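# Analysis of the macromolecular model
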Amino acid sequence: MSSLDNIFRDLVIANRILAKEDVVDAYGHVSVRHPDNPNHFLIARSVAPELVGADDIVELDLRGQPVCDEKRTLYLERFIHAAIFEARPDAMAVVHAHAEDTLPFGIADATKLRPVIHSGSFIGSEVPVWDIADNFGDTNLLVTNIEQGRDLAKCLGGNNVALMRGHGFAAAGRSLIEVVRMSVYLPRNARALIRANQLGGRIKYLSQGEIDARNRGYSPYSTETWRAWEYWANKAGVGHLLTRPGD
């Protein structure tokens, strides 16, 4: 099996995991940079993540346009992925989702979304909020062109996650496994923070030292990381698709 075949399988797994863990529903998407051409990326055609199969994967360029003749409908917001890959050479995978528990933090500015639980360390110490209205006025809040995507990517900067006001979030990672893990724990961290605020009193966020200690020595195929990926894949019914480097 070629490395590209493995990437296709991993992308199917990523879609199914994000659906099973309620990060995405009928909407939302995940992409991965092409292993042989950093100016291209792979993403599903416009289909619900839970239904994505290997035949649904398409190859796009950094303008968000298909590399080959493609008659099937593409995700409208593919420009999110194109712009982040363009702006961030270190980013190997991108997720866009509308996880409900993250939404309040992009609307109300009283409490910033920051890591408060150990698994929330993966989101990074800062989560900026992007408001499409700032530079594009009244829109339908969807990222429908590369200029809007680039504005979002600029707000994301070197951070792992950016919230999108009234919409959802975009996340970038060094691997497909990393960005999926980040996207799964982001809404869980948000839930913990919301509930802590309801209890009242001072919120104790993770310190930068704690975040660094948690993330030190990260590897997408470490025993710890693979255990979660394998668990989530089997839970989503796609454990049979799992491949590790060298398999």
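Here we summarise the structure given alongside this text. Source: prediction; values computed, not measured. (Residues numbered from 1 in each chain as written. Predicted model: local features only at pLDDT ≥ 70, side-chain atom pairs only at ≥ 80, totals over all residues. Heavy atoms only, no water.)

## A look at the pattern of salt bridges
On inspection of all chains with the given rule, the structure shows 12 salt bridges. With its nearest N and O atoms 2.8 Å apart, the salt bridge here joins Glu 21 to Arg 188. You can see Glu 21 sitting in the loop between helix 1 (3-20) and strand 1 (29-33) and its partner Arg 188 sitting in helix 6 (residues 176-199), a full 167 residues away along the chain. Exposure remark for Arg 188: the relative accessible area of 28% places this residue in the partly exposed category. Between Asp 56 and Arg 45 there is a salt bridge, with the nearest N and O atoms lying 2.7 Å from each other. Separated by 11 residues along the polypeptide, Asp 56 in the loop between strand 2 (40-44) and strand 3 (57-61) and Arg 45 in the loop between strand 2 and strand 3 bring together distant segments of the chain. Note on Asp 56: relative accessible area 10%, which makes it buried. Its relative accessible area of 25% is what places Arg 45 among the partly exposed residues. (Salt bridge = Lys/Arg side-chain N within 4 Å of Asp/Glu carboxyl O. Helix = DSSP H or I, 4+ residues; strand = E, 2+ residues; numbered from the N terminus. Buried < 20%, exposed > 50% of the residue type's maximum accessible area, 1.4 Å probe, protein only.)

## Some words on the environment of Arg 9
On the secondary structure map, Arg 9 appears in helix 1. Residue class for Arg 9 comes out partly exposed when judged on its relative accessible area of 28%. C-alpha of Arg 9 to C-alpha of Leu 206: the two residues are 197 residues apart in sequence and 35 Å apart in space.

## Considerations on the packing of helix 6 against helix 8 (residues 223-235)
Geometry of a packed helix pair, given as the angle between the helix axes and the separation of the axes. Taken N-terminus to C-terminus, the directions of helix 6 and helix 8 make an angle of 75°; their axes are 11 Å apart at the nearest point. When the axis of helix 6 is compared with that of helix 8, the two are roughly perpendicular. Seen from helix 6, the contacting residues are Ile 177, Val 180, Arg 181, Val 184, Tyr 185 and Arg 188; seen from helix 8, they are Thr 225, Trp 226, Trp 229 and Trp 232. Here the contact of helix 6 with helix 8 is composed, by residue class, of 7 nonpolar, 1 polar and 2 charged. (Axes fitted to C-alpha atoms, helices over the stretch in contact; angles between N-to-C directions. Parallel < 35°, antiparallel > 145°, perpendicular 65-115°, else oblique. Contact = heavy atoms within 4.5 Å. Nonpolar A, V, L, I, M, F, W, Y, C, P; charged D, E, K, R; others polar.)

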